[in-house]
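Residues per chain are reported as follows:
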Amino acid sequence: MSEKIAVLGAGTMGQGIAQVAANKGYATSVYDVSADRARAAIDAIAVATDKLVQKSKLSEGDRNALLGRLSISDDVGKAVEGARVVIEAAPEDMGLKVALFEKVVAAAPKDALLGSNTSSLSLTELGTRIGEAHRTVGLHFFNPPPVMELLEIVRGLATSDETLTRAQELAAKLGKTSIIVRDTPGFATSRLGVILGAEAIRMLESGVASAVDIDRAMELGYRHPMGPLKLTDLVGLDVRLAILDHLHEEVGEQFRAPPLLRTMVRAGKLGKKSGEGFYIWKDGVPSVKS
Ligand code: NAD
């Protein structure tokens, strides 16, 4: 029997993390508060892996085996039953994550690794509030998880050495290169990533250049594979806003969210996942807004 990983939250990140885990041989159970989202995630993985087969990046047999290792649970308790590792990818809200992990703690094996994909929240606070600080750790994947090589492992104040070693071993098994970062607001990646994105939005707001040209500045001038506005669309404007609000409170003024970002979130313009952000998105491809 292969080891089990439970993925909680089947949105942008949970879907990709589940694909990575199943691809590397883990029995992967997927739970989402919305059963439709969980089903849509499995369907999207089927489509994504079909494309990999067409491009000869995955064999038909491996794809079928991958899909066969995925299951949906409509109950958190069932999803985490017997799991060696839990990876939570629910919305960026501490209260929500604590409530979800309280259910996990009641049902998962007592030695399961409790990982959160949070982009900015404190693992020390999460671990302490659920009474399992020694085995709580940040497992910060990047978007899209099947493609991005980094796993940022975040060590809470009371995360044990054993938990850290297990997280590093997990990263290697999932084919990721890991870095270890102390639990600080926004860690290493989000702290640097969101400040660039926020500044790009402020520049768009004040008419410095068009969205496309601001992105080109970083793509062609600094060799970033994707400009900061396109990346904000990919991440989700709501996700970026939640991170900025948290970092503004915890770190300081430099993280104040640009008004344009808040307005776009209020208008439901969340980027790729809603079809419109700083670009128009159709079938996963961005085009310039007129
Ligand atoms: P998302 O909005 O795409 O998906 C969140 C999913 O969680 C939704 O499907 C929602 O139905 C589900 N959900 C809501 N409440 C839940 C609950 N109580 N239990 C289980 N599922 C629940 O969000 P996302 O972009 O996938 O982000 C998830 C986490 O990953 C956040 O903490 C975010 O900060 C982090 N993250 C996001 C990115 C990114 O690029 N989007 C990158 C790295 C980390």
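Residues numbered from 1 in each chain as written. Predicted model: local features only at pLDDT ≥ 70, side-chain atom pairs only at ≥ 80, totals over all residues. Heavy atoms only, no water.

1. With respect to the overall build of the protein chain
Put simply, the rule is: Here a strand is any run of E in DSSP of at least two residues, a helix any run of H or I of at least four, and the numbering for each starts at the N terminus. Atoms counted for the radius of gyration: C-alpha only. Globule rule: 2.2 Å times residue count to the power 0.38. Type-normalised accessible area, obtained with a 1.4 Å probe on protein chains alone, sets the label of each residue: buried when under 20%, exposed when over 50%, and partly exposed for intermediate values. Residues count as neighbours in contact if any of their non-hydrogen atoms are within 4.5 Å of one another. Methods summary: accessible areas were calculated by the Shrake-Rupley approach with a probe of 1.4 Å, and residue burial reflects only the protein chains presented. Counted as positive: Lys and Arg. Counted as negative: Asp and Glu. His and the chain ends are not counted at all. The location of each charge is read from NZ of Lys, CZ of Arg, CG of Asp or CD of Glu.
When helices and strands are counted, the protein chain shows 12 helices and 10 strands. Here the C-alpha atoms of the protein chain give a radius of gyration of 19 Å, agreeing with the 19 Å that 2.2 N^0.38 yields for 290 residues. Along the first, second and third principal axes, the C-alpha set of the protein chain runs to 55 × 45 × 30 Å. Burial status across the protein chain gives 47% buried among its 290 residues. Restricting the contact set of the protein chain to residue pairs at least 6 apart, pairs at least 24 apart contribute 65%. Here the protein chain displays about 13700 Å² of accessible surface, and carbon together with sulfur accounts for 54% of that area. Of the charged side chains in the protein chain, 35 are positive and 36 negative, and the gap between their average positions amounts to 3 Å.

2. Considerations on the sheet that holds strand β1 (residues 4-8)
Through backbone hydrogen bonds, the strands of a sheet pair up, either in parallel or in antiparallel fashion. Defined as follows: By the convention used here, strands pair only if DSSP detects at least 2 bridges between them. Angles shown run from 0 to 180 degrees and are taken between the N-to-C directions of axes, each axis being a line fitted to C-alpha atoms and, for helices, limited to the stretch in contact.
One open sheet holds the 8 strands; their spatial order is β3-β2-β1-β4-β5-β6-β7-β8, and the pairing between them is mixed. Because the sheet does not close on itself, it has two edges, and the strands there are β3 (70-73) and β8 (177-182). Direction aside, the axes of adjacent strands within the sheet are offset by 25° on average. Where helix α7 (residues 161-173) meets the sheet, it contacts β1, β4 (85-88), β5 (113-116), β6 (136-140), β7 (150-155) and β8, and its direction lies at approximately 175° from that of β7.

3. Remarks on the domain arrangement of the protein chain
Definition in use: Note that the domain bounds reflect an automated or database-derived domain assignment. In short, buried area is how much 1.4 Å probe accessible area vanishes from two parts on joining, totalled over both. Any carboxyl oxygen of Asp or Glu that lies within 4 Å of a side-chain nitrogen of Lys or Arg is treated as forming a salt bridge with it. Here a polar contact is recorded for every N or O atom pair within 3.5 Å, except that within protein the pair must consist of a potential hydrogen donor and a potential acceptor, and residues adjacent in sequence are included only if both atoms are side-chain atoms.
By domain assignment, the protein chain separates into domain 1 (4-182) and domain 2 (189-283). Here domain 1 and domain 2 have C-alpha centroids that lie 25 Å from each other. Tallying the contact residues gives 10 residues for domain 1 and 9 residues for domain 2. A buried area of about 750 Å², summed over both sides, lies between domain 1 and domain 2, and 57% of it is on carbon and sulfur atoms. The three residues of domain 1 that bury the most area against domain 2 are S119, S120 and N143, which together make up 49% of that side's buried surface. Counting across the interface, domain 1 meets domain 2 through 0 salt bridges. Across the domain 1-domain 2 interface, the total number found is 5 residue pairs in polar contact (both at pLDDT 80 or more).

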